[in-house]
Amino acid sequence: MMKSTPDLCDQYPELIQVVEPMFSNYGGRERFGGEIVTVKCFEDNSVVKQLVATEGQGRVMVVDGGGSMRRACLGDMLAEKASANGWSGLIIYGCIRDVDEIMATDIGVQALGTHPMKTAKKGIGETQIPVTFGGVTFNPGHYVYADNNGIVVASQPLL
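Residues numbered from 1 in each chain as written. Predicted model: local features only at pLDDT ≥ 70, side-chain atom pairs only at ≥ 80, totals over all residues. Heavy atoms only, no water.

**Topic: the overall build of the protein**
Our working rule: Comment: elements are numbered from the N terminus, with helices defined as DSSP H or I runs of at least four residues and strands as E runs of at least two. When a residue's accessible area, from a 1.4 Å probe over protein chains only, is under 20% of the maximum for its type it is buried; when over 50% it is exposed; and in between it is partly exposed. Positive residues here are Lys and Arg, negative ones are Asp and Glu, while His and the chain termini are left out of the count. Positions of charges follow a simple convention, taking NZ of Lys, CZ of Arg, CG of Asp or CD of Glu.
For the protein, the helix and strand inventory stands at 4 helices and 12 strands. In terms of its C-alpha atoms, the protein occupies a principal-axis envelope of roughly 40 × 30 × 30 Å. Here the protein, with 159 residues, has 52% of them falling under the buried criterion. Positive and negative charge centroids in the protein, built from 13 and 18 side chains respectively, lie 9 Å apart.

This is the structure we're talking about:
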């Protein structure tokens, strides 16, 4: 079982950065972590849809949705596909929808909030670039750990 984020803070204070508290836990997995894969998109989850269809290999998708509170970057079908393909979880700097179904899915999901409206699908977005929100820069290949206490980021695996 993964250590809690407070335990990681206690054990590795010099190795981690803590994301500002703004996220809520919505997934069926309350604790999750792994290597970071980044997505940068705004009110268009086309790239998220493409990535959840690939092998997750226990990684965590960190989605910089620009903090949009007007559209949902993730719904139940994409969460189920991510779970089936071995993703550990998703951290969405934006909103999700289909919360009840996502809570019943074996995947970690943290987001700013919920919104019932889906995003446009225009194919706009970038992957594997550094993204910054919550006072932390998430770099592809670094590691993120999340639970009900918060989210921490490290440049190396801690578990």
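And the narrative resumes.
**Quick word on the layout of surface pockets**
Which parts of space are left empty comes out when a probe the size of a water molecule is rolled across the atoms. Keep this limit in mind: Put plainly, a pocket is an open set of points on a 1 Å grid over the protein atoms alone with protein on both sides within 12 Å along at least five of seven lines, a cavity is a set where a 1.4 Å probe fits but cannot get out, and a lining residue has an atom within 4 Å of a point. Grid points are joined across faces, edges and corners, and a volume is the space filled by probe spheres set on the points. Only Asp, Glu, Lys and Arg are considered charged in this grouping, and only Ala, Val, Leu, Ile, Met, Phe, Trp, Tyr, Cys and Pro are considered nonpolar; every other residue, Gly among them, is considered polar.
There is about 180 Å³ of room inside the largest pocket. Listing elements by their share of the lining of the largest pocket, those giving two or more residues are strand 5 (72-74) and helix 3 (76-84). With 3 residues, the single largest contributor to the lining of the largest pocket is helix 3. The class makeup of the residues in the lining of the largest pocket is 4 nonpolar, 3 polar and 6 charged.

**Digging into the pattern of salt bridges**
Between side chains of opposite charge, a pair can form when the charged atoms approach closely. In plain terms, the rule: One speaks of a salt bridge when a side-chain nitrogen belonging to Lys or Arg is within 4 Å of a carboxyl oxygen belonging to Asp or Glu.
Per the counting criterion, the structure on display carries 4 salt bridges. Here R29 and D106 are joined by a salt bridge, their closest N and O atoms 2.9 Å apart. Of this pair, R29 sits in the loop between strand 2 (24-25) and strand 3 (32-40) while D106 is found in the loop between helix 4 (99-103) and strand 7 (108-114), placing the two residues 77 residues apart along the sequence. Taking the relative accessible area as the measure of exposure, R29 reaches 27% and is therefore partly exposed. With relative accessibility at 44%, the residue D106 sits in the partly exposed group. For R97, the salt bridge is made with D98, and the minimal N-O distance between the two is 3.8 Å. Since its relative accessible area comes to 25%, R97 is described here as partly exposed.

**What about the nonpolar core?**
We apply this condition: Within this scheme, the nonpolar core is defined by two criteria: the residues are buried Ala, Val, Leu, Ile, Met, Phe, Trp, Tyr or Cys, and they are joined through side-chain atoms within 4.5 Å. Contact criterion: two residues are considered in contact whenever any of their non-hydrogen atoms come within 4.5 Å of each other.
With 24 residues, the main nonpolar core has M61, L74, L90 and I96 as its most contacted residues. Those elements that provide at least two residues to this core are strand 3, helix 2 (46-52), strand 4 (60-64), strand 5, helix 3, strand 6 (89-96), helix 4 and strand 7. The biggest single contributor to this core is helix 2, with 4 residues. M61 has contacts with V37, V39, V48, L51, V52, W87, G89, L90 and I91, leaving out every residue within four places of it along the chain.

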